[in-house]
Amino acid sequence: MTRALITGITGQDGSYLAELLLGKGYEVHGIMRRASTFNTSRVDHLYEERRPGARFTLHYGDLADSVNLMKLLYDLRPDELYHLGAQSHVRVSFDIPEYTGDVTGLSTVRILEGIRDTGLGGTTRFYQASSSEMYGKVFEVPQKETTPFYPRSPYGCAKVFAFHSTVNYRDSYGMHASNGILFNHESPRRGETFVTRKITRAAARIKMGLQKDLVLGNLDAQRDWGYAKEYVEAMWLILQQEKGDDYVIATGEMHSVREFCEAAFGRLNLDWKEYVRHDPRYERPAEVDLLLGDPTKAKKLLNWEPKVRFKELVSIMVDADLEIAKQDLAYKNALAEVRKL
């Protein structure tokens with residue numbers, strides 16, 4: 001049975017990847033941070049829906065703790081390691097740049113060095129979750145594997161460090177280490193502070209009378225948005241290749257935040273212009289105007305290409321948030337009735 005270790009398993013990508021691997025009969029282990037509140041909602045169902053012969057286990061750990069990471073590597077000796085954990089919010093990275101550099105950048109070296117020190121360099125296949133934010137102030141459109149990086153945030157800078165560290169360990173020690181340069185990928189499991197989920201959640205709540213408006217930053221920013229559930233399949237395919245390499249994972253289509261608002265509110269027969277307000281306080285100190293990926297290499301070598309396109313993705317997210325909003329409204333109404341008693 002193939003054993004996989006996933007950092008960031010309680011996040012959007014980690015939860016979808018865990019589902020995929022369990023469906024393939026893997027033994028799946030995940031690292032999660034200790035918190036005073038429950039933070040496993042995205043993976044709780046996996047305990048009940050485990051496939052026959054597969055196992056799912058969570059371990060406490062922290063990407064800033066090299067001793068703990070080393071112990072897990074010694075104990076688990078994974079066949080595949082997917083490094084998805086990070087401080088992943090670009091805007092927040094300007095507020096906590098040192099922490100972002102440590103957890104998003106240096107953690108990659110901690111894990112790669114751990115793999116090497118434990119003697120797993122020849123057996124453990126390593127996947128680094130790289131980001132389109134590395135391109136930043138883009139040199140060419142669309143961006144591909146050979147496009148130079150020009151990061152415009154502490155998050156992007158940390159991801160560039162992690163990217164080159166992965167390449168360096170691959171070249172220096174012959175490790176099966178790969179970078180998946182994933183462009184923006186969304187889903188109903190996206191965190192509520194990310195702009196896409198912020199939009200779909202607000203549209204649904206406004207429709208149900210639970211919210212009055214939505215405040216956003218740069219409406220003109222353009223992104224290549226795909227479906228996270230499909231993108232984790234590309235991660236798995238990358239580690240099934242004979243040698244480590246770097247791949248752009250994207251849709252090859254670009255849409256603005258404004259277009260996302262129009263599609264999300266339009267799904268609910270609402271005019272987004274009546275509810276969305278702009279506030280410059282929500283803009284980044286250094287903006288990334290556009291990101292558009294060229295997934296040609298992934299299509300050719302991995303036989304991977306996206307199926308869910310922009311409008312379908314927005315609909316999937318809006319419909320899921322509408323169901324949540326309906327439940328919230330029902331709870332609000334029930335609570336009001338109780339207070340009348």
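Refer to the structure presented above.
Our subject in this report is the structure included herewith. (Residues numbered from 1 in each chain as written. Predicted model: local features only at pLDDT ≥ 70, side-chain atom pairs only at ≥ 80, totals over all residues. Heavy atoms only, no water.)

**Side note on the packing of aromatic side chains**
In this description, a pair of aromatic rings is defined by centroid distance and the angle of the planes.
No. 1: For the coordinates displayed, the defined rule picks out 12 aromatic pairs.
No. 2: A centroid spacing of 5.3 Å and a plane angle of 50° characterise the contact between Y169 and Y173, whose relative ring orientation is tilted. Taken as a pair, Y169 and Y173 lie in helix α5 (residues 154-173) at a separation of 4 residues, close to a single helical turn.
No. 3: Seen from their ring centres, F260 and F310 are 5.8 Å apart, and the 80° between their planes marks the pair as edge-to-face. (Phe/Tyr/Trp six-rings, centres within 6.5 Å; stacked < 30°, edge-to-face > 60°. Helix = DSSP H or I, 4+ residues; strand = E, 2+ residues; numbered from the N terminus.)

**Section: the pairing of strand β6 (residues 177-182)**
No. 1: Of all 6 residues making up β6, 6 are buried, and the element is well covered by its neighbours.
No. 2: A two-sided burial pattern is seen for β6, the buried positions comprising A177, N179 and I181 on one face and S178, G180 and L182 on the other.
No. 3: In terms of handedness, the path from strand β5 (residues 125-131) via α5 over to β6 forms a crossover that is right-handed. (Buried < 20%, exposed > 50% of the residue type's maximum accessible area, 1.4 Å probe, protein only. Right-handed = clockwise from strand over helix to strand, strands pointing away.)

**Let's talk about the packing of helix α1 (residues 12-23) against helix α7 (residues 228-239)**
No. 1: With their axes 9 Å apart at the nearest point, α1 and α7 run at an angle of 65° to one another. By crossing handedness, the relation of α1 to α7 is classed as right-handed. Contact residues: α1 offers Q12, D13, Y16, L17, L20 and L21, while α7 offers A228, K229, V232, E233, M235 and W236.
No. 2: For the contact of α1 with α7, the residue count by class is 8 nonpolar, 1 polar and 3 charged. (Axes fitted to C-alpha atoms, helices over the stretch in contact; angles between N-to-C directions. Left-handed = near helix turned anticlockwise from the far one by under 90°. Contact = heavy atoms within 4.5 Å. Nonpolar A, V, L, I, M, F, W, Y, C, P; charged D, E, K, R; others polar.)

**Some remarks on the sheet that holds strand β11 (residues 246-249)**
No. 1: Overall, parallel pairing links the 7 strands, which are arranged β3-β2-β1-β4-β5-β6-β11 in an open sheet. Each end of this open sheet is capped by a strand with a single partner; those strands are β3 (55-60) and β11. Put simply, the sheet's adjacent strands are angled 20° from each other on average, direction ignored.
No. 2: Bridge count between strand β1 (residues 3-7) and strand β2 (residues 27-32): 5 bridges; the pairing is parallel. Among the inter-strand pairings, L5 is bridged to a residue of β2, identified as H29. (Pairing = 2+ DSSP bridges.)

**Digging into the pattern of salt bridges**
No. 1: One pass over the structure, following the stated rule, counts 26 salt bridges.
No. 2: Between R205 and D328 there is a salt bridge; the shortest N-O distance is 3.3 Å. Taken together, the residues R205 in helix α6 (residues 195-207) and D328 in helix α10 (residues 310-340) connect sequence positions 123 residues apart.
No. 3: A relative accessible area of 17% places R205 in the buried class.
No. 4: Note that E337 and K340 form a salt bridge whose closest N and O atoms lie 3.4 Å from each other. Of this pair, E337 and K340 both sit in helix α10, 3 residues apart, which is roughly one turn of the helix.
No. 5: Judged by its relative accessible area of 63%, K340 falls in the exposed class.
No. 6: Counted as one network, the salt bridges with shared partners bring together E133, R223, R284 and E287. (Salt bridge = Lys/Arg side-chain N within 4 Å of Asp/Glu carboxyl O.)

**Quick look at helix α2 (residues 66-76)**
Residues spaced three or four apart along an α-helix point in a common direction, a consequence of the helix completing one turn every 3.6 residues.
No. 1: Among all positions in α2, only N68, L69, L72, L73 and L76 are buried. With its buried residues spanning 140° around the axis, α2 presents them on a single face. Opposite the buried face of α2, by more than 90 degrees, sit the exposed residues V67, K71 and D75.
No. 2: In the core, the buried residues of α2 are packed alongside β1, β2, β3, β4 (80-83) and α4 (97-117).
No. 3: The N-capping residue of α2, defined by a side-chain oxygen 3.2 Å from the backbone nitrogen of V67, is D65.
No. 4: A positive phi of about 45° marks R77, the residue just after α2. (Arc of directions from axis to C-beta. Polar contact = N/O pair within 3.5 Å; in protein donor to acceptor, adjacent residues only side chain to side chain.)

**Brief notes about a negative patch on the surface**
No. 1: Taken together, the side chains of E259, E262, D271 and E274 define an acidic patch exposed on the protein surface.
No. 2: Among the secondary structure elements, E262 is positioned in helix α8 (residues 257-267).
No. 3: For E262, a relative accessible area of 49% corresponds to the partly exposed category. (Patch = residues over 30% accessible without salt bridge, like charges linked within 9 Å, V, L, I, M, F, W, Y side chains within 5 Å. Areas by Shrake-Rupley, 256 points an atom, 1.4 Å probe, with all protein chains shown as cover. Lys, Arg positive; Asp, Glu negative; His and termini not counted. Charge placed at Lys NZ, Arg CZ, Asp CG, Glu CD.)

**Quick look at the environment of M175**
No. 1: Of note, M175 is situated in the loop between α5 and β6.
No. 2: Residue class for M175 comes out buried when judged on its relative accessible area of 3%.
No. 3: Measuring from C-alpha to C-alpha, the distance between M175 and T124 comes to 8.1 Å, with 51 residues separating the pair along the chain.
No. 4: Beyond its immediate sequence surroundings of up to four residues, M175 is in contact with L112, I115, G121, Y169 and R170.

**Brief notes about the side chain of R284**
No. 1: Along the chain, the position of R284 falls in the loop between β13 (276-278) and α9 (296-302).
No. 2: Polar contacts involving the side chain of R284 include one to the side chain of E133, which spans 3.2 Å.
No. 3: Those residues in contact with R284, other than ones at most four positions away along the chain, are V90, R91, F94, E133 and R223.

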